[in-house]
Structure formats: structure tokens, C-alpha cells
Amino acid sequence: MADTIDSKNIVRTRFAPSPTGFLHVGGVRTNFYAWLLARRFGGKFVLRIEDTDRERFVPGAVQSILEDLQWLGIDIDEGPTAEELKRCDPTYTGSFNYGGPYGPYVQSQRIERYKEVAERLVEMGYAYRCDCTPEMLKKEREEQMARREPPGYSGYCRTRNVPADTKHVIRLKIPERESIYLDDAVKGRIVWDKISLRDTVLLKSDGFPTYHLAVVVDDHDMKISHVMRGEEWISTAPVHILLYRALGWKMPVFCHLPSVLGQDGKKLSKRHGATNISAFRREGYLPEALLNLLLLVGWNPGEGEEQEIFTREEMIRRFTIENINKAAAVFSYDKLKWMNGVYIRNMPQERFIKEAEAVCLDAGIQVDEHRLRDIAPYVQERIKLLTEVPDMVKFLFVEELERDYGTMFKKGLPPDMSLKVLRVSLEKLEGIEDFTVSRIEETLREVPQELDLKVGKAFVVIRIAVTGQKVTPPLFESIYALGRETAIKRLKEAIEEIESEHYRAKEG
RNA sequence: GGCCCCAUCGUCUAGCGGUCUAGGACACUGGCCUCUCACGCCAGAAACACGGGUUCGAGUCCCGUUGGGGUCACCA
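Calculation criteria
Residues numbered from 1 in each chain as written. Chains lettered and ligands numbered in written order. Predicted model: local features only at pLDDT ≥ 70, side-chain atom pairs only at ≥ 80, totals over all residues. Heavy atoms only, no water. Helix = DSSP H or I, 4+ residues; strand = E, 2+ residues; numbered from the N terminus. Rg over C-alpha atoms; globule rule 2.2 N^0.38 Å. Buried < 20%, exposed > 50% of the residue type's maximum accessible area, 1.4 Å probe, protein only. Contact = heavy atoms within 4.5 Å. Lys, Arg positive; Asp, Glu negative; His and termini not counted. Charge placed at Lys NZ, Arg CZ, Asp CG, Glu CD. Near = heavy atom within 4 Å. Polar contact = N/O pair within 3.5 Å; in protein donor to acceptor, adjacent residues only side chain to side chain. Nonpolar A, V, L, I, M, F, W, Y, C, P; charged D, E, K, R; others polar. pLDDT = per-residue confidence, 0-100. Axes fitted to C-alpha atoms, helices over the stretch in contact; angles between N-to-C directions. Parallel < 35°, antiparallel > 145°, perpendicular 65-115°, else oblique. Expected span 1.5 Å × (residues − 1). Domains from an automatic or database assignment.

Focus on the overall build of chain A
Working step 1: Counting secondary structure elements, chain A contains 20 helices and 11 strands.
Working step 2: Relative to a compact globule of 508 residues, whose C-alpha radius of gyration would be 23 Å, chain A shows 32 Å and is clearly more extended.
Working step 3: Reported as C-alpha extents along the three principal axes, the dimensions of chain A are approximately 100 × 55 × 45 Å.
Working step 4: Expressed as a percentage of its 508 residues, the buried residues of chain A come to 52%.
Working step 5: Sequence separation of 24 or more characterises 76% of the internal contacts of chain A that already satisfy a separation of 6 or more.
Working step 6: Placing the 75 positive and 80 negative side-chain charges of chain A at their respective mean positions leaves the two points 6 Å apart.

Notes on the protein's contact with RNA strand B
Working step 1: With respect to spatial proximity, 63 residues lie near RNA strand B, and among them K187, K266, N300, E308 and R463 are the closest.
Working step 2: Close to the protein, within 4 Å, the atoms of RNA strand B are drawn from sugar and phosphate at a rate of 74%.
Working step 3: Between RNA strand B and K335, the relevant distance is 3.1 Å, taken from a sugar or linking oxygen to a side-chain nitrogen or oxygen of the residue.
Working step 4: Here K470 contributes a backbone N or O atom positioned 3.4 Å from a sugar or linking oxygen of RNA strand B.
Working step 5: Of all the secondary structure elements, the ones that give two or more residues to the surface near RNA strand B are α5 (134–146), β4 (169–172), β6 (188–192), β11 (329–330), α11 (333–346), α18 (455–467) and α19 (475–482).
Working step 6: In the surface near RNA strand B, the residues fall into 26 nonpolar, 14 polar and 23 charged.

With respect to the confidence of the model for chain A
Working step 1: Residues with a pLDDT of 70 or more make up 96% of chain A, whose mean pLDDT is 92.
Working step 2: If you check the scores for this complex, the pTM reads 0.93 and the ipTM reads 0.95.

Description of the packing of helix α1 (residues 25–40) against helix α9 (residues 287–296)
Working step 1: Viewed as axis vectors pointing N to C, α1 and α9 meet at an angle of 85°, and their least axial separation amounts to 10 Å. Comparing their axes, α9 and α1 come out roughly perpendicular. Each of V25, V28, R29, F32, Y33 and L36 in α1 lies in contact with α9, whose residues at this interface are L290, L291, L294 and L295.
Working step 2: Each residue belonging to the contact of α1 with α9 can be placed in one class, and the counts come to 9 nonpolar, no polar and 1 charged.

Description of α18
Working step 1: The terminal C-alpha atoms of α18 lie 18 Å apart, and with 13 residues this matches the ideal 18 Å at 1.5 Å per residue to within 8%.
Working step 2: Among all positions in α18, only A458, F459, V461, I462, R463, I464, A465, V466 and T467 are buried.
Working step 3: G468 sits one or two positions beyond α18 and adopts a positive phi of about 75°.

Some thoughts on the domain arrangement of chain A
Working step 1: For chain A, the assigned domains read domain 1 (110–257), domain 2 (282–396) and domain 3 (405–507).
Working step 2: Relative placement of domain 1 and domain 3: their C-alpha centres are 75 Å apart.

Points about helix α6 (residues 211–221)
Working step 1: Counting buried positions along α6 gives 10 out of 11 residues, so the element sits mostly inside the fold.
Working step 2: Within the span of α6, buried status applies to Y211, H212, L213, A214, V215, V216, V217, D218, D219 and D221.
Working step 3: Considering only its buried residues, α6 is in contact with β1 (12–15), α4 (111–124), β7 (201–203), β8 (226–230) and α7 (237–247).
Working step 4: Of the residues flanking the end of α6, it is K223, one or two places downstream, whose phi is positive at about 55°.

Following this line, the structure appears as C-alpha cells:
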């Protein structure tokens, strides 16, 4: 079935977005698989813009889709040139520029070709002109509904020989009685005893093709070997098969992928529950983690294999159509978050520092490179999203702290004991000559010991005094990163604040 | 409603007739580790939708039922 892949057949897959909205996880999964297949077999990954619907065209969509793709690291071998993109969307300002031997790679710039094919189909008798107005079609549909019949075009113009110079559409004649099948590479053989579709429009009255015509013509012209698309296309696949047959063209291998579902079990779509890919970036997800999870939503590495984290190279090397699942799957944010944490922990430290700096900057925190560097390893192993960095490290980079004494007194020690802890800590810290992590630890551990307190309780007090936070990287490392002067200053501040609070409470 | 697709723990999945008292991962619960939070480690709870066949034997093959999804546009 899927073994039409051999050395003679060059694998060419494509990503064919329509600029009617943003890119979401469902779309990414489909095209990531297509990309993996091309990479796996040393083939080509083609980008084609399917902008035949001028009414739903969204300016800026092309650019955002390409940027998201770039962020994900899904690279393109063939596609529109910069001029083609610019012509497609005047608002486009990006610098993407692909090109290739089968251009233009934008459908609105290929309409002559579709028209030519449509005319040929009419001449051969596979298609016909139809001048029924939208009003007529609507009325027909309503009458059918009233009679509880399935709605659909009656085929009124099939034999009317509508002249070419009137405003018309071109429809494909669908042989209702004929049985037809598709050997799908993931679903297996799909059989239609009779095609329950009505004569489908191929060329609209504005001269633009519908998806059905354009996709067949382009996939053929661009020598696409494997078509990966969502299973929502299965029901119209007979139209495409009929077209390939009428035109005498070789069919590509079809891979209809199961849907990606939201947490509610409903198909993810631009209209329903889907998040824009760029939102993942904003929320602190890594592209590698997102792709790794998506790989596993609908594909598995095979029998007995329990590996879940794959490098890009491993993904490419191991990807196979055979292991694609047939059933729809829910996209789990929980698992994505876990996986993102894994990727963050495995990240080279230098990259983590860069990412951390960027995300802090976004949060309005100007970092001190030195301090960040000291604390980074401890932050890296405790977060799941990059966006958790600012909250965890902000104590290092702000002047003023807002200390939550309520928590200090409740989870730590009552005011007078807290005060005692801080005074002793201050005194000891001031006495250290070599300000190292181990020295800090050694010294601070003496505090609860001398005062006969529980270690945890005492450290809650110190932690809040020094960082103003309940949750921080390890205490001694935090103090070290902060530096001796600042640490001492903060202890003094806390002591003063508690004293005044304390006395006020007594007076009151 | 017609047509089509699908069906293993809450979720992602392994399983391609016997080795399944159904394995892994996320999430969840308990414990250990521990200066907070994480990480890590150990343990636990948790699934073959149902009914018929086929077979010596069915999670695995066939049929039906149920359930979910998709699609029936001059949208993709």
C-alpha cells in the first residue's frame, strides 16, 4: 500500500495552507508528518498557497503561517518566490523566498492552468457548464429539505449545453451508480458502493477553481507523490479520484490522517478550540517539545518501543506511514507541559540562559547576566514553561521587595522568632570572609541549630526575607547569586520592617 | 437523515490468534529524598464499549449494535 516508496520514486510532499486564518496544532501535525516523510526518504517538501477563496482571504495570514513554520523548524525546499508572496498578499513584508521548477506556487497565480484543464474536461465530456444561479440552487435545496430528501444539485444543466460566453460554473459529472474505492495508506481500502456526492463545482463563476480542481491539478503538476491531509477530506476523495481518472493522471499516495481533537473530544479547528501556534511560543513552549508531542499524537515508534523523547534526527529516521494511527486523538496540554519540562532540562545551559534572558525581557525585567548565570542551572531544572522564569528569578533583579510576612509568620515562625532568626543570620553572614555557596550553607545551617529550631521553618523566614518569594531556587545558591552586599541589605530591610510592624502590632 | 471514518486505563498509546493474571507515558494517589518548589526513585489505583459468530483458543479475524467523529457549498 504505502510501499510505493522506493529509490525510483522520489518522495515529494507538500504543505498547502489556505490563508484564511492561522496555523493550529491539527494543521501542524498533518504537515509535520508530511515533512518527516520527505526528510525520511530524502525527498522534497513543497509549500503551496491555496488562496482560491477571495472572500475568506485574511491579510497577514500567509506571513504568520510562514513564521510559525519557521519557528517550528519545518523547512521548505520549494515554494513561492518573494514576488509571488507579495503578489498573493500585498500586506506581506517577510523575507521568505523559495522558488522552484513548478511555480508559481500560489494558486491565484495559476488560474489560467485550471481554466485550461476545466475546459479540457468539458470537451471530453467529463464536465459541463452550469448557469444556475445561487438563488435557484438555494430554492432547490429548500424544496429537497422540505421533501426530506438529501440536499444537492439536481444536475439540471448536465444536458443543457450552456454557452461558454454566459456567466457560468463548470461542474464535474459524478456517475452516481458507479462504485469506487481508494487505497488509503493509513485507512486502508475505502469503498463507496455508490458516490453520494452531487455534481461538484470545479471552476467558479469568477474564474477561480475550487479546492477539488486546484488540488488535483497542482499535485499533479508539482509531482507530489504523497498527499497527507485530514480525514475530513475522505468524503470528497471520490471527486479527486474521478478527476485523476478523467485526466489520465497517476494518483499520488493518499494518507488521510485522523483528526486531532480538543480536550472536549471535538475536532480542533480554527473555529473550535484551536490555539494559534504562536500562542505556544508566547506561553513558553519549545518548538521541539511541541513537535515531539505531535509526533506521538497519532504515531508510535512501534512494537515494544517505549522511547518517547526523540531528537529531530531520530524522528526522521524512524518515521513510517505504517505506524500512523487510524483513530482520532486528543491533544493533551498536560503531557505537552511535562514534555516541555523535559526539553528545558535537557537544553544546553547556554541556550537556556539566552532563552531565560529573552523571556525576562518580555516580562519587563532587565537581567544582570552574571546573577542569571549563577542561578540558571537551578531554575532550569524546576520549570516546565519558559514563562515561569521571571517569577522565579525576579528577586535577583529588582530593587524593592514586597515581603509577605503573613506567610513568613504562618509557614515559618512567629514575629519575634523570625526576628531572632534574621538577626543571627545577618550577623553570621556578615562574618563570612569567603562568600561561597558551601560556606553560606555551612553558616546558615548553624542558625536553626543554635536557636533549636526546625531547619525548614527557619529557612522559610530567611527565604522570604532575602527573596520576597515563597518559591525560589535553593536558598544558598540564591543568596550566592544575589551577592553578599545585597543579601545583607535585604536581611536588614526585613528586620527593620518586622520591627516596625511588630511594635505597631504591640501598640495596637 | 444519506454516505464515510473510528473504537485498549481519564488522556496518548503498545498489542498484528496462545508468551495478556493487557505493557509504557502523562495526569492522579501514597511513600522516599528534601531548605521552599521542582527533579529523581519506589509503590498504587485505572482499560480491551456491547452482542453474536470463526477457532482447540480472540484485545487481536468476521458480522451486528451502541457510541464518537467527519462530510453532504460557486469554503478549504
